Amino acid sequence: MRYWRLFNVTFAVILPVVYLFSVVGKNGIDVSYDQGSLSVKNDISLDLDEQYELYYEIPSLQYLWNKSFIPQKGYPIAMERWKAVSNNTCLKSSSSKDNESILKWENHKIPHAIVVGCQKCGSTALASFFRSHPNIVTPNRELHFLSQYMDRMPTKTSDGIDQRYWKQEYYTYMRTYTKEMEVAKKSSGKEDVNIPTNASTRLLIEKTPNYILLSDRVPQRLLCLSPWSKIILLLRNPVDRAFSHYNMAYQGYYRRRKMHDTTPFPSFDEWLRRDYNVLVALGVLSNQSLSSGVPNLGYQGTERERKGWAAYTKLAAIGSTGGIGRGLYSLQILQWKMAYQEAKQPLDMLVLSSDSARKHPQQVFDLICDHLGVARHLLSQETIECGGNKRDYSKIPPMSNSTRQWLESIFEPYNQQLNQVLGKEFWE
Ligand SMILES: Nc1ncnc2c1ncn2[C@@H]1O[C@H](COP(=O)(O)OS(=O)(=O)O)[C@@H](OP(=O)(O)O)[C@H]1O
């Protein structure tokens, strides 16, 4: 009798509950991990979830996949904004008083320009060039408003934008810029630069190099908050970018590591391989291209790629990760372009080579000033040499030829695609 009851309990209660949990847990999404992706070095014994946890210190890949589909945090806000942009309701508020003050900012087109990236491509040097210009004010820090701040915004009602939050966001956006502008003006002795006034000669420019990476949500937010902002993007050879990124991550890790912690930072190859595995697991990269000789054509815009990328950006936004993903430039730019196309807004994006900015800083700065419609300004030797966030590479071993070749083979299709996207031979 007792066994019979136990049998009944097992079938009637425990099994259905277990089944329910497994179904709900999967959220109807078919996540297939490409375990054959370790084509570079096959010595990883951990499965992808375990590597993931180790590397990113977050629960699991499944969790992240779900996160990019379940409406919460930043993603749905982006979707709502996107809809609002398409319907042209972004900047409209229920009160005419609000509309007035929004229009005031809209008329002055603040921020005038944003340097959206790429990380480790010379954005600090560019910001110091801007600071040296008498008519340009640049905040002293990266604002991360359209990324970190808006990722934390509360979600809104199902019938569109919740005006309370929307106004709150817009005011915070304006307040953030006003405050940063005042701080920057004081610290650079530019109290007389009155912004907003004559927008054609006095400019407010921000740089947050993470923005280009977050191409699944930042363009939509920017389109809603300041669709007029001109975009400036510096791009560096993605292999050198990755190595510079690794060097920064390596130094940051040892600077912040706790006294009792003896875990070493991964080697460059290991650090890359983890990122590569995540990109393959999320369907952004195809491991076939390397193992079976099937050419990778760059970004195809498939649903799997897009969703995989949205999930990936939630990880790679963490500063020390994204060694490979951040170098897939054509993918990111195409997503920005698509967002602007969808909103029927022109994308005013000036894409420049980081190498040119290093070799010919004055010419590149002239080009930027012309593009922004502000007077050219002669850069001092001190500005050129001192403001660039240059790092010492002596603490890390040099990159091996095989690693360089491997990276080049991953980036090659994306570099080719970049030429098509920009309509010119970008790489010298
Ligand atoms: N004028 C100029 N033009 C182009 N690149 C330059 C310039 N000056 C500095 N650098 C190099 O830029 C690298 C730092 O890039 P970022 O400032 O964008 O880094 S960060 O993302 O803000 O951390 C960093 O590269 P690494 O030294 O290889 O790390 C700088 O040396």
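These figures come from a predicted structure and were not determined experimentally.

About the criteria used
- Residues numbered from 1 in each chain as written.
- Predicted model: local features only at pLDDT ≥ 70, side-chain atom pairs only at ≥ 80, totals over all residues.
- Heavy atoms only, no water.
- Near = heavy atom within 4 Å.
- Polar contact = N/O pair within 3.5 Å; in protein donor to acceptor, adjacent residues only side chain to side chain.
- Areas by Shrake-Rupley, 256 points an atom, 1.4 Å probe, with all protein chains shown as cover.
- Helix = DSSP H or I, 4+ residues; strand = E, 2+ residues; numbered from the N terminus.
- Nonpolar A, V, L, I, M, F, W, Y, C, P; charged D, E, K, R; others polar.
- UniProt positions renumbered as here; feature names shortened; annotations may be inferred.
- Buried < 20%, exposed > 50% of the residue type's maximum accessible area, 1.4 Å probe, protein only.
- Contact = heavy atoms within 4.5 Å.
- Pairing = 2+ DSSP bridges.
- Axes fitted to C-alpha atoms, helices over the stretch in contact; angles between N-to-C directions.

Here we look at the site of the ligand
Right, on to step 1. Surveying the vicinity of the ligand reveals 23 residues, the closest of which are Ser123, Thr124, Arg236, Ser244 and Tyr393.
Right, on to step 2. Here an oxygen atom of the ligand and a side-chain polar atom of Ser123 are 2.7 Å apart.
Right, on to step 3. Measuring from an oxygen atom of the ligand, one finds a side-chain N or O atom of Ser244 at 2.7 Å.
Right, on to step 4. Out of a free accessible area of 650 Å², the ligand has 94% covered by protein chains.
Right, on to step 5. If one sorts the elements of the shell around the ligand by residue count, helix H6 (residues 123-132) sits on top with four residues.
Right, on to step 6. Partitioning the shell around the ligand into residue classes produces eight nonpolar, eight polar and seven charged.

What about the UniProt feature "binding site: 3'-phosphoadenylyl sulfate" (unreviewed entry) in the protein?
Right, on to step 1. UniProt's feature table lists "binding site: 3'-phosphoadenylyl sulfate" (unreviewed entry) at Arg236 and Ser244, given in the numbering used throughout.
Right, on to step 2. With respect to the secondary-structure elements, Arg236 resides in the loop between strand E4 (230-235) and helix H10 (238-256).
Right, on to step 3. Take Arg236: its relative accessible area is 12%, and that puts it in the buried class.
Right, on to step 4. In this structure the side chain of Arg236 is engaged in a polar contact, spanning 3.5 Å, whose partner is the side chain of Ser244.
Right, on to step 5. Mapped onto the secondary structure, Ser244 falls in helix H10.
Right, on to step 6. In contact with Ser244, other than residues within four places in its own chain, are Lys120, Arg236 and Tyr393.

Brief notes about the sheet that holds strand E2 (residues 136-137)
Right, on to step 1. Taken together, the five strands give an open sheet; going across it, the order is E2-E3-E1-E4-E5, and neighbouring strands pair in parallel fashion. Looking at the sheet topology across the chains shown, the edges are occupied by E2 and strand E5 (349-353).
Right, on to step 2. The pairing of strand E1 (residues 113-117) with E4 spans four bridges and is parallel. Paired with Gly117 across the bridge in E4 is Leu233.
Right, on to step 3. Set on the sheet, helix H16 (residues 361-372) makes contact with E1, strand E3 (203-207), E4 and E5; between it and E5 the angle comes to about 175 degrees.

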